[in-house]
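The primary structure of each chain is shown beneath.
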Amino acid sequence: MTKPRPPALALLLLTSLSPVVTASAVELFVAPQGQDTNPGTRAAPLQSFAAAQQAARRFAGREPITITFADGTYYLPQTITFTAADSGTLKAPVVYRSFNERGAVLSGGVKLSLTWTPYKDGIMQAQLPAELETEEIFINGERQILARYPNFDPAAKYFDGYAKDAIDKERAARWADPAGGYFHAMHPALWGGFTWVITGKDAGGEITKQGGWQNNRGGAVHKDIRFVENIFEELDAPGEWFLNRRTHTLYFYPPAGLDLAAATVEATRLRTLVEFSGDETHPVRFVSLRGFTFRQAARTVMDTKEPLLRTDWAIYRGGAIFINGAEDCAIEDALLDQVGGNAVFVNNYNRRITVRGCEIRKAGASGVCFVGDQKAVRNALSNYGQSLKLDALDLTPGPLTNNYPADSLVEDCLIHLTGRVEKQTAGVEIDIAQGITVRHCSIYDMPRSGINIGDGAFGGHIVEFCDVFDTVKETGDHGSFNSWGRDRFWVSSVGEINARVKQVPALPLLDVVQPITLRNSRWRCEHGWDIDLDDGSTHYVIENNLCLNGGIKNREGFHRTVQNNIMVNNSFHPHVWPSDSDTVFRRNIVAGPYQPAGGMPPKPWTSEMDYNLVHQPGVTTPQPAAALQHQSGLDAHSLVADALFINPAAGDFRVQASSPALTLGFKNFPMDQFGVQKPALKAVARIPAFGSAKVAGPRRDAHPQAWLLARVRNIVGQGEMSAYGTPGETGILVLEVPAGSALAAAGLQKDDVIFYLNGKPANELTQLLRATASLKSGDEIKIGITRTQKPLTLTAKIN
């Protein structure tokens, strides 16, 4: 990576180099020491982006234009907005570039000149301008910590520190006025997080708050995983700060060794640094931004509230770079550093947008989002529990309008440590889009998925040569790659899906009109699946993937081909398949038997599962894969043997020439092409661990027992937690309910999950048995259950 030169030296170079003058090209120059009254030449550069943009418009679309920025920080007084008037053409593009890569910084903040005085207990104070409102303070380029409880702990698993008593009345009694503080908590099933702004305290001393809309699978607040921030009385640790908005006083607890008098102090102001503002009729075209650093874009967590179809997500349509209505535009070789929300958001109508060679780090929300207009989706619904009757569905394939991103590319990007504020986020997020390619990206240190595809609308995506690992670090029931496909065909009952698709066989493909392909990539997830095709995910081709720990999951869906993959330390997880899913599983290497969950159709499970190899080190004579055959009713040619990997300790899981996998049709694929290829990024990008992770066994007894004539047992393991949507390893699974029994008369069914009895928790089998041990004939009980992840209460009268 080119080392940035000091601004003065960069300006000297600009003014000393010979100008490039041609009859068909225009060059403009900008430098922090320039003047906006200058002509924008090398010798007399402009000073601001706004002036450069106005100068470029005089030539836009008629001649190629390059606008070069000298190194230094350009504090933006307002968002840079490109419209159709700024457009170039294929032969006359408009390029804004940094003279040295990452040397020119576009900041949505303001540099502060402060006079610090002691407050107390090592805390310093300074007055801010009365007009400044901010939730982010940077010291020497690093974002500081809003005063919080519990204190920041980077070793903590969740939220960099969490405490059960975060908003207890006893804790809140310490706070004179918590209004403006934030309460963050996880979803009880660890499906992302929620945030509330604290509005004050009631007469009883309990906090009042509003918010909690950041997750489209709303639920009760997690009772343990929670924290508060932006509360003055919690300012008690080095690196923490608080702004009193009434007195405009900034309080800061400087870490040891920091010379605060000499430090550069900056505060965020703008949410969006750059916006491409067009539409399908008047798009912004052929404008590129190259080599800039983007910093100090404000947090947007309280605006993450739009339910995103029937996914688990809510979304804020915005980012540090917001692209709306553009064609053939690009963000290249940029650093997006510590922005408060989404880094890049590609919204609604866009075509051929490229994000290439960039590093995105420590974003508050997601890295790169491609999200279309929900009105482009036929029969769009906005919540998991919503559905339409079959005769109400529009059976026309594909989108209703063109108002969605398509044919776009994220390539050779390093995306890491995103989701610093919001937890239902991803490195790359795709919803209501078509033909998005994610190639040669390294994505890691994510609270949730690395890459998420939220729905089938409208397919055609390709994920290839990516390296995605250390994901789902703060959440659960997810994958390094995650998808949902709760499209027109989908309802939460697989029986009803079967009935619908029997009547209208084309139904699953109405939205996902083109296949989605995952290939030639490396995945590792410690707290979920490496590849997780969740509810309804349909029309996928998954091939040539190296899955290092979590295996591959396919929940109910149709037309999936999973072939030529390697699943180290794990296997294939089929969950809740419909009766004719057309799922193909062939020529894969797995580390053990399949891991079905949630109820599978009668054997054979599908049309084709065969020629797979169960890797068993030291087994030199291949044997029939009897366990796979027994499970699937297929796998007639599948084998158990040593796969003979070439060098697994070094990450080379190609197989030797004598491997039995090759006789089954498996083909080696490259192990040295995953992730970023740009030398500067490759030099700093991490790679995953190759050793086996320790897989914890079930924490609870899994043996079935009789209960009021029914057969029940505890929910155990990650697969069942996901299949039945339980908030952790909790709940009692109903295996069988005899006809004529009191429970059958009450409506209890196979695959129901019991959580409560007479309003009290009964989510562990011994607890349930104890609670009903003294029942006698004629007693009435109320049973709290979930059925297809929906809560119900049943009333049973004991015979």
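Structure: see above.
Further remarks concern the overall build of the protein chain. Check the secondary structure of the protein chain and you find ten helices and 66 strands. Nonlocal contacts in the protein chain, meaning residues at least 24 apart in sequence, comprise 69% of its contacts between residues at least 6 apart. Accessible surface for the protein chain amounts to roughly 30000 Å². Of this, 52% is attributable to carbon and sulfur atoms. Of note, the protein chain has its 78 positive side-chain charges centred 1 Å away from the centre of its 83 negative side-chain charges.

Next up on the list: the sheet that holds strand S9 (residues 123–127). The mixed open sheet is built from five strands, whose spatial order is S8-S9-S19-S18-S12. One side of each edge strand has no neighbouring strand; the edge strands of this open sheet are strand S8 (117–120) and strand S12 (145–146). Relative to strand S18 (residues 240–244), S12 is paired through two bridges, and the arrangement is parallel. Of the residues in S18, the one forming a bridge with Leu146 is Trp241.

Below, the discussion takes up the pattern of salt bridges. Once the charged atoms of two side chains with opposite charge are near each other, the side chains can pair. A full pass over the atoms with the stated rule returns 52 salt bridges. A salt bridge links Asp337 to Arg295, with the shortest nitrogen-to-oxygen separation between them at 2.7 Å. In this pair, Asp337 sits in strand S29 (residues 335–337) while Arg295 sits in strand S24 (residues 293–295), placing the two residues 42 residues apart along the sequence. Accessibility expressed as a relative area gives 2% for Asp337, which makes it buried. You can call Arg295 partly exposed: its relative accessible area is 21%.

Strand order in the open sheet formed by five strands is S13-S17-S14-S15-S16, and the pairing between neighbours is antiparallel. Where the open sheet ends on each side, the last strands, each with one partner, are strand S13 (148–149) and strand S16 (207–211).

Turning next to the nonpolar core. Judged by nonpolar contacts, the single largest core of 92 residues is most densely connected at Tyr96 and Phe276. With five residues, the single largest contributor to this core is helix H2 (residues 49–57). Residues within four places of Tyr96 in sequence aside, it is in contact with Phe49, Ala52, Gln53, Ala56, Ile67, Phe69, Phe82, Val287, Ser288, Leu289, Arg290 and Phe292. Core analysis: the next-biggest nonpolar cluster, separate from the first, contains 20 residues, Leu765, Ile783, Ile785 and Leu794 among them.

In this fold, Asp431 is placed in strand S36 (residues 426–431). For the buried Asp431, which has no salt bridge, the nearest side chain bearing the opposite charge is Arg317, at an N-O separation of 8.6 Å. Apart from residues no more than four positions distant in its own chain, Asp431 is found in contact with Leu308, Thr311, Phe370, Val371, Gly372, Asn452, Gly454, Asp455 and Ala457.

Applying the stated criterion across every chain, the model contains 33 aromatic pairs. With a centroid separation of 4.9 Å and 15° between ring planes, the pair formed by Phe49 and Tyr96 is classed as stacked. Pair noted here: Phe49 is in helix H2 and Tyr96 is in strand S5 (residues 94–98), with a separation of 47 residues, a long-range link. On the accessibility criterion, Tyr96 (1% relative accessible area) is buried.

What follows concerns helix H4 (residues 494–503). Along H4, the positions that sit buried rather than exposed are Ile497, Arg500 and Val501. Summarising the axial view, the buried residues of H4 lie within an arc of 95°, below the 170-degree limit, and thus occupy one face. Turned more than 90 degrees from where H4 packs its buried face, Lys502 and Gln503 sit exposed.

Let's shift gears to unusual backbone geometry. Glycine aside, the phi torsion of most residues is negative, and most peptide linkages are trans. Omega for the bond connecting Tyr149 with Pro150 falls within 30 degrees of zero, at -5°, which places this linkage in the cis form. Inspection of the secondary structure assignment puts Pro150 in the loop between S13 and helix H3 (169–172). Residue His248 is not a glycine yet carries a positive backbone phi of 60°. Structurally, the position occupied by His248 is in the loop between S18 and strand S19 (249–252). We note that Leu709 has phi near 80°; this positive angle belongs to a residue other than glycine. Looking at the element boundaries, Leu709 is found in the loop between strand S60 (705–707) and strand S61 (710–714). With relative accessibility at 63%, the residue Leu709 sits in the exposed group.

This next bit is on the environment of Ala506. Checked against the element boundaries, Ala506 lands in the loop between H4 and strand S43 (516–519). Exposure remark for Ala506: the relative accessible area of 44% places this residue in the partly exposed category. Counting along the chain gives 109 residues from Ala506 to Pro397, while the straight-line C-alpha distance between them is 9.1 Å.

Structurally, Gly675 is set in the loop between helix H6 (660–663) and helix H7 (679–682). We classify Gly675 as buried; its relative accessible area is 0%. With near-sequence residues (within four places) excluded, Gly675 lies in contact with His440, Cys441, Ser442, Phe465, Cys466 and Asp467.

Attention now moves to helix H10 (residues 765–772). Where H10 is concerned, the buried positions are Leu765, Leu768 and Thr772. Here the buried residues of H10 occupy an arc of 65° about the axis, which is enough to place them on one side. On its buried side, H10 packs onto S60, S61, strand S62 (732–736) and strand S63 (753–757).

In this section: the pairing of strand S42 (residues 479–483). Extensive coverage of S42 is indicated by the burial of five of its five residues. With three bridges connecting them, strand S39 (residues 449–453) and S42 associate as parallel partners. Its bridge partner being in S42, Ile451 is matched across the sheet by Phe481. Looking at chain direction, S42 and strand S45 (residues 529–533) are connected through four bridges and run parallel. For Ser483, the partnering residue across the bridge sits in S45 and is Leu533.

About the thresholds
- Residues numbered from 1 in each chain as written.
- Predicted model: local features only at pLDDT ≥ 70, side-chain atom pairs only at ≥ 80, totals over all residues.
- Heavy atoms only, no water.
- Helix = DSSP H or I, 4+ residues; strand = E, 2+ residues; numbered from the N terminus.
- Contact = heavy atoms within 4.5 Å.
- Areas by Shrake-Rupley, 256 points an atom, 1.4 Å probe, with all protein chains shown as cover.
- Lys, Arg positive; Asp, Glu negative; His and termini not counted.
- Charge placed at Lys NZ, Arg CZ, Asp CG, Glu CD.
- Pairing = 2+ DSSP bridges.
- Salt bridge = Lys/Arg side-chain N within 4 Å of Asp/Glu carboxyl O.
- Buried < 20%, exposed > 50% of the residue type's maximum accessible area, 1.4 Å probe, protein only.
- Core = buried A, V, L, I, M, F, W, Y, C linked by side-chain atoms within 4.5 Å.
- Phe/Tyr/Trp six-rings, centres within 6.5 Å; stacked < 30°, edge-to-face > 60°.
- Arc of directions from axis to C-beta.

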